Amino acid sequence: MQPPTRLLAILAAFACLAVPAHADGTYRNPDNKNQNDPAEGTYPAPYKKPVVAEIAAALQRIRGYVDSQTPTRIVHKGSGTPVTDFRTPVADAVVEEGDAGFGLQAYEMGVVHAGLIHAAAVTGDKRYTALTARHLQFFADRLPYFRAQEQRFHLERANSFAHFLDPRALDDAGSMCAAMIRARSTGIGPDLASQIRVCGNWVAKRQFRLPDGTLARQRPQAISLWADDMYMGIPALAELGRMTGERAYFDDAVNNVLQMTGYLFDPQTNLYTHGWNANNPDAPRFYWGRANGWAVLAMSDVLDVLPHDHPGYPKVLAQLRKTLRGIAERQSGAGLWHQMVDRDDSYLETSASAMFVYVLAHAVNEGWISPTTYGSIAQAGWNALSARIDAQGRVEGTCVQTTFAGDQVYYYNRPTSTAAMHGYGPMLLAGAEMIRLLNNPAIDIQYRVRTYHYVPKDGGQTSYREHP
């Protein structure tokens, strides 16, 4: 009988023979100028230091595509001919949609505007906010028409402005509310204060909640929590606090971060389960990627506007750090994250990956987390994301709209589509923040031994004398 150590050595030798000497990928790192370097493999996604001009060009393709798919026009539903008389409403008047079917008032569009505003701030390019201004001016111009249409014909959800006229859920109100407040604070487009009051009132006072004040839903069970609602409601509360100066909004935002975390966060994995039902609080956990994306994006947005002396600030920051650690540890070898973050056999998904890259890069830039490790994780993530932006500016690989489900099979088999608007706003945010990261004067990005190290400039002197 072979000694155990000898047997293990033999098995290890055979295992080494069974795998290729280097990764079998499509991309070679262009930063390694030695074309014949035997220690340089190939990668399944681009692996290099991103170029600011290339990121900016990719973001402009996305902006251009969204611009082309959101015509701010009113047409007759049946014929598609333009409505030209706005004095008297007609029942079949609707907002024209592009081929992708992007909704101008959908919650996903709120994220798009957040990305456009951020991209303009980072790059100084006003083409981004010109798109936001066009949409907001359309709302200001045509809201009276669709209000009159509703009063006359009672179309309810068939009214193209139904989300604004009659919000019924956080999806109708929170994301666009936060976007309109951000636009208002930076002087983009008309002042939509009256509409901000409508959507803000829904989030703060009319949305169904648990007795402890946690934002909740009455589906799929009578009392349910969704991690999505960390984004659909909490940033709007924080932005209302910034706009009004009323501390109660900040308190509500912080309480919801902490209370939703208590229900949904798993400290063993440092991940959020997608949802929680009161009638089955110990149900199996499903760590859907975009749910975790919404969670970290919400916490990041809150920290951006929450006063630093607020007692909840260090608590929200600590929770964001925990979650980012759990997310970072689950980045795939291709740079993206999986549809089910903890399941490597689920597909690689774009919208969640873009949210993760944005928040990781933003947290580094804001000094919330160290650039060491997290900087290169964000870089690798962006490189992989960049390969999912096609020549037209369409974003590929985004999971379509997804409900809170009770089985893995549903999540695994959700389709992806370039018409899923969930990927566009996060991609704009991620690219803009990567530009900030690459230009961050406090960080030295070193390419050493065929990889990248984000070294704080106040972190001491590195030395490669023994390994140049």
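Thresholds, definitions, all that
- Per chain, the residues get numbers from 1 upward, laid out in the order the sequence is written.
- Restriction of local features to residues with pLDDT of at least 70 applies here, the model being predicted, together with a cutoff of 80 or more for giving and counting side-chain atom pairs; totals for whole chains, interfaces and linings are based on all residues.
- Water and hydrogen atoms were dropped before computing side-chain values, which therefore reflect all heavy atoms in the structure.
- A run of DSSP states H or I qualifies as a helix once it reaches four residues; a run of E qualifies as a strand once it reaches two. Both are numbered from the N-terminal end.
- Our radius of gyration is a C-alpha quantity, and the globule rule it is checked against amounts to 2.2 Å times the number of residues to the power 0.38.
- Each residue is assigned to one of three classes by its accessible area relative to the maximum for its type, calculated with a 1.4 Å probe on protein chains only: buried under 20%, partly exposed between the two thresholds, exposed over 50%.
- Contacts were defined at the residue level, with two residues in contact if any of their heavy atoms lie within 4.5 Å.
- Buried Ala, Val, Leu, Ile, Met, Phe, Trp, Tyr and Cys residues that are joined via side-chain atoms within 4.5 Å together make up what is termed a nonpolar core.
- One less than the number of residues in a helix, times 1.5 Å, gives the span that helix is expected to have.
- Any Lys or Arg side-chain nitrogen found within 4 Å of a carboxyl oxygen on Asp or Glu counts as a salt bridge.
- Any two strands with at least two DSSP bridges between them are considered paired.
- In this description, a disulfide is simply a cysteine sulfur pair whose atoms lie within 2.5 Å.
- Structural elements are reduced to axes, namely lines fitted to C-alpha atoms, with helices fitted over the stretch in contact, and the angle between N-to-C directions of any two is expressed from 0 to 180 degrees.
- The sense of a crossing depends on the near helix, which, turned anticlockwise from the far helix by less than a right angle, makes the crossing left-handed and, turned clockwise, makes it right-handed.
- Any residue outside Ala, Val, Leu, Ile, Met, Phe, Trp, Tyr, Cys, Pro, Asp, Glu, Lys and Arg is labelled polar, Gly included; the first ten of those are nonpolar and the last four are charged.
- The predictor attaches a confidence to each residue, and that confidence, scored 0 to 100, is pLDDT.

(A) Structural context of the overall build of the chain. Regarding its fold elements, the chain presents 15 helices and 12 strands. Compactness check: the chain gives a C-alpha radius of gyration of 24 Å against a globular reference of 23 Å for 468 residues, within 12% of the reference. Each principal axis of the C-alpha distribution contributes one length, and for the chain these read about 90 × 50 × 45 Å. Residues counted as buried form 54% of the 468 residues belonging to the chain. Partitioning the intrachain contacts of the chain with sequence separation of at least 6 by distance along the chain shows that 65% fall at a separation of at least 24.

(B) Summary view of the nonpolar core. Counting 138 residues, the largest nonpolar core has L59, I62, F139, M230, W382, Y424 and M434 as the members making the most contacts within it. Element by element, the count of residues in this core is highest for helix α12 (residues 350–365), at 11 residues. With sequence-adjacent residues up to four places away left out, M434 is seen in contact with P50, I55, V357, A361, A378, Q379, W382 and Y454.

(C) Looking closely at helix α3 (residues 107–123). Compared with an ideal rise of 1.5 Å per residue, which puts 17 residues at 24 Å, α3 spans 25 Å between its outermost C-alpha atoms and is within 8% of the ideal. By the criterion of burial, α3 is predominantly enclosed, with 14 of the 17 residues buried. Count one or two residues on from α3 and you reach G124, which has phi positive near 75°.

(D) Structural detail: the pattern of salt bridges. Under the criterion given, the structure shown has 23 salt bridges. A salt bridge links R436 to E433; the shortest N-O distance between them is 2.7 Å. Pair noted here: R436 and E433 are both in helix α15 (residues 424–438), with a separation of 3 residues, about one helical turn. Residue class for E433 comes out buried when judged on its relative accessible area of 0%. One salt-bridge network, in which partners are shared between bridges, spans E156, R157, D166, R168 and D172.

(E) Summary view of the pairing of strand β12 (residues 451–456). Where strand β11 (residues 443–448) lies against β12, 6 bridges are found, and the strand directions are antiparallel. When the bridges of β12 are listed, I445 appears paired with Y454. Between the end of β11 and the start of β12, which pair antiparallel, lie 2 residues, with V449 showing a positive phi angle near 55°.

(F) Summary view of the state of the cysteines. Inspection of every chain in the model, using the stated rule, returns 0 disulfides. Here C199 is not disulfide-linked; the sulfur of C177 is the nearest cysteine sulfur, at 3.0 Å.

(G) Expanded view of the packing of α12 against helix α13 (residues 374–386). Contact geometry for α12 and α13: axes closest at 9 Å, N-to-C directions at 145°. Of the two elements, α12 crosses α13, and the hand of that crossing is left-handed. Where α12 abuts α13, its residues T350, S353, A354, V357, L360, A361 and V364 lie against Y374, G375, I377, A378, G381, W382 and L385. For the contact of α12 with α13, the residue count by class is 10 nonpolar, 4 polar and no charged.

(H) Quick look at the confidence of the model for the chain. When pLDDT is averaged along the chain, the result is 94; 95% of the residues meet or exceed 70. Summarising per-element confidence for the chain, the mean pLDDT is lowest in helix α1 (residues 4–17) (44) and highest in α12 (99). For the stretch residues 1–5, pLDDT sits under 50, and the model shows 2 contacts to residues farther than four places along the chain or on other chains. A low-confidence stretch, residues 7–22 (pLDDT under 50), is modelled with 4 contacts involving residues beyond four sequence positions or located in other chains.

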